[in-house]
Amino acid sequence: MELPNTKPSGPSRNESLFQRAKQLIPGGVNSPVRAFKAVGGTPRFVQRAAGAHFWDADGKRYIDYIGSWGPMILGHGHPAVVEAVQAALLEGFSFGAPTEREVELAEEIVKLVPSLEMVRLVSSGTEAAMSAIRLARGATGRSKIIKFEGCYHGHADALLVKAGSGLATFGNPTSAGVPPEVVQHTLVLEYNHIAQLEEAFALHGNTIACLMIEPIAGNMNFVRASIPFMKRCRELCTAHGTLLVFDEVMTGFRVALGGAQSVYARSIPGFKPDMTVLGKVIGGGMPLAAFGGSRQVMEQLAPMGPVYQAGTLSGNPVATACGLATLREIQKPDFYHTLSARTRSLVTGLSAAASQTGVPFCTDSEGGMFGFFLLDQLPQNYATVMTTDSPAFNRFFHAMLDDGIYYAPALYEAGFVSAAHTAADIEATVSAAHRYFSRM
Ligand SMILES: *Cc1c(COP(=O)(O)O)cnc(C)c1O
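Positions within a chain are numbered from 1, following the residues in the order the chain's sequence is written. The predicted nature of this model means local features are confined to residues of pLDDT at least 70 and side-chain atom pairs, given and counted, to a pLDDT of 80 or more, with totals for whole chains, interfaces and linings taken over all residues. Each side-chain value is worked out from all heavy atoms of the structure, with water and hydrogens disregarded.

A. Structural view of the overall build of the protein. Each helix corresponds to a stretch of at least 4 residues labelled H or I by DSSP, and each strand to a stretch of at least 2 residues labelled E; elements are numbered beginning at the N terminus. Looking only at helices and strands, one finds 13 helices and 18 strands in the protein. Here the globule rule reads 2.2 Å times residues to the power 0.38, and the radius of gyration is calculated from C-alpha atoms. Here the protein has a C-alpha radius of gyration of 22 Å; the compact-globule value for 440 residues is 22 Å, and the two agree. For the protein, the C-alpha atoms occupy an extent of roughly 60 × 55 × 50 Å along the three principal directions. Should any heavy atoms of two residues lie within 4.5 Å, those residues are considered in contact. Partitioning the contacts of the protein with sequence separation of at least 6, the portion at a separation of at least 24 is 72%. Only carbon and sulfur atoms are counted for the fraction: they give 55% of the accessible area of the protein, which is about 18,600 Å². We count Lys and Arg on the positive side and Asp and Glu on the negative side, and we leave His and both chain ends out. A single reference atom marks each charge: NZ on Lys, CZ on Arg, CG on Asp, CD on Glu. Distance from the positive charge centre (35 side chains) to the negative charge centre (37 side chains) of the protein: 3 Å. Throughout, the Shrake-Rupley method with a 1.4 Å probe supplies accessible areas, and for residues the shown protein chains are the sole cover considered.

Have a look at this one:
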């Protein structure tokens, strides 16, 4: 049943819940971006969701372009997924012993992502990326790693780092509580900067365990690694015995059935990464993530090899049921064709609304993931993303929120369209943007 999309009268329950939350939970939230700190205002407390929509604590309906930051590719409460989760729950929540569903999920992932020969299941993207780095270091016997400014790989200590003063120096922590010694092996480079990448390999190549990259970066809005840049990453890693690690926590099963690596393989023949980190969509909204690679590398993991990694809830039976049901739905004929077309209709609609009203705007999408910028040209790196007029973004964000359209509450986050978004949802979204742009 759809509740009417009315504005609340009387005191806002979102506001009173936020006040209560702030008494006991730092910032009132369990993950910082939810607090609306970048855009200001009161976060919406979600009461329930169905399909492409959710309702907040005041009963107001929103078209959801976050989808739990990516996992909800089928929309909320897809019947086949709900049924699988309910059946799994009745069989038990967690055993700490192997189950058939873990094997089935591993088979499914390895089938869909050709670069993977083996996978290990974990519970969050952070855990998967952190474990992939330990494995890369263990497998190569090297300590140094490369990451790129603006890419997010979860909140493990060694990855909370920004560029130092030069290529010979390593990064500086971006969080208090991370000792400088812990990031001294992390080299932070500019995204899409080929000359700098070459220089870094020339200086440090034979001591770099892995290069970790978001191939289509979704944590600085939406920025693609260019084809020549990605090609050079692959060549340099191969030449120096460095493992190329794709962090596809966001892009995996989101931009295409085979992930971003399948998108790059269309332009770079034979292209594949050495290791892949997955999360978000593979859990369908439950805590589930994975990392994998070649048999040779993965067999270095305990209990087979010397690299330790473990988890009480890893491969959880309810989470694997949810993930498996989700992966089965996205393999249906034309799933990505339809999802991509719907996402493109959103971004082309928004672009047209902006150009009709003379607002600087540019946008890009791949599969069910999109980004937009209040800029004239698509940025190629983090520094350019951050040149966006953030007060202008915040005004746009709040105008859309008032109209019942829920975009990410920060200009450096990507957006997501699900299979449940209808042409009517897209149309309503584009008209709201057009109305706002006309007033600007
Ligand atoms: C979300 C995300 C992570 C972290 O995953 P969590 O499940 O939040 O720990 C890592 N890498 C990328 C690319 C992500 O988008």
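Picking up where we left off.
B. Representation of the sheet that holds strand β14 (residues 289–293). A pair of strands is labelled paired if DSSP reports no fewer than 2 bridges between them. Strand order in the open sheet formed by seven strands is β4-β14-β13-β12-β9-β5-β8, with mixed pairing between adjacent strands. Pairing within the sheet leaves two strands with one partner each, and these edge strands are β4 (118–122) and β8 (186–189). Strand after strand, the sheet turns through a mean of 20 degrees between neighbouring axes, direction not considered. The axes used here are C-alpha line fits, helices contributing only the stretch in contact, and every angle between their N-to-C directions lies in the interval 0 to 180 degrees.

C. Expanded view of the pattern of salt bridges. One speaks of a salt bridge when a side-chain nitrogen belonging to Lys or Arg is within 4 Å of a carboxyl oxygen belonging to Asp or Glu. Evaluation of the coordinates by the stated rule reveals 13 salt bridges. The partner of E198 in a salt bridge is R232, and the shortest N-O contact between them spans 2.5 Å. On the criterion of sequence distance, the pair formed by E198 in helix α5 (residues 194–204) and R232 in helix α6 (residues 227–240) is long-range, its members being 34 residues apart. Relative accessibility decides the category of a residue: with a 1.4 Å probe and only protein chains considered, values under 20% of the type maximum give buried, values over 50% give exposed, and everything between is partly exposed. In this structure E198 comes out as partly exposed when scored by relative accessible area, which is 31%.

D. Here's a closer look at the nonpolar core. Remark: nonpolar core denotes a set of buried residues (Ala, Val, Leu, Ile, Met, Phe, Trp, Tyr, Cys) joined through side-chain atoms within 4.5 Å. With 106 residues, the main nonpolar core has F148, L211, I213, F253 and Y407 as its most contacted residues. Here this core gets eight residues from one element, more than from any other, and that element is helix α10 (residues 335–357). Lining this core are residues from two domains, each supplying at least three of them: domain 1 (13–64 + 334–439) and domain 2 (79–329). Here Y407 is in contact with Y65, I66, L350, F370, F372, F396, F397, M400 and T429, once residues within four sequence places are set aside. Domain ranges listed in this record stem from an automatic or a database domain assignment.

E. Local environment of unusual backbone geometry. Look at the link from A302 to P303: it is a cis peptide, with omega at 10 degrees. Its location among the elements puts P303 in the loop between α8 (295–298) and α9 (317–330). Its identity is not glycine, yet S68 carries a phi of approximately 60 degrees, on the positive side. Considering the arrangement of structural elements, one finds S68 in the loop between β3 (61–64) and α2 (79–91).

F. Fine view of the packing of helix α3 (residues 100–112) against α9. Viewed as axis vectors pointing N to C, α3 and α9 meet at an angle of 35 degrees, and their least axial separation amounts to 9 Å. In this structure, α3 meets α9 at a crossing whose hand is left-handed. Of α9, the residues touching α3 (which contributes R101, E102, E104, L105, E108 and I109) are P317, T320, A321, G323, L324, L327 and R328. Ten residues, namely Ala, Val, Leu, Ile, Met, Phe, Trp, Tyr, Cys and Pro, are considered nonpolar, four, namely Asp, Glu, Lys and Arg, are considered charged, and the remaining ones, Gly among them, are considered polar. Considering only residue class, the contact of α3 with α9 consists of six nonpolar, two polar and five charged. By convention the crossing between two helices is left-handed if the near helix lies anticlockwise of the far one by an angle smaller than a right angle, and right-handed if it lies clockwise.

G. Examining the pairing of strand β15 (residues 362–366) more closely. Across the five residues of β15, five count as buried, placing the element largely inside the fold. On β15, burial covers both faces: C362, D364 and E366 on one face and T363 and S365 on the other are all buried. One ladder, built from five bridges, connects β15 with strand β16 (residues 369–373); its direction is antiparallel. In the strand pairing of β16, C362 is matched with F373. Linking β15 back to β16 in an antiparallel pair, the connection comprises two residues, with G367 at a positive phi of about 55 degrees.

H. Local environment of the site of the ligand. Near the ligand, the surroundings consist of S124, G125, T126, Y152, H153, G154, E214, N219, D247, V249, M250 and K280. Separating a nitrogen atom of the ligand from a backbone N or O atom of Y152 is a distance of 3.2 Å. With respect to the ligand, the side chain of K280 contributes an N or O atom lying 2.6 Å from an oxygen atom. Considering the ligand on its own, with 380 Å² of exposed area, one finds that the protein chains cover 82% of that surface. Grouping the amino acids of the shell around the ligand by side-chain chemistry returns three nonpolar, six polar and three charged. One heavy atom suffices: a residue is near a molecule or strand as soon as one of its heavy atoms comes within 4 Å of it. Residues adjacent in sequence count toward polar contacts only when both atoms are side-chain atoms; beyond that, a polar contact is any pair of N or O atoms within 3.5 Å, and within protein one must be able to donate a hydrogen and the other to accept it.

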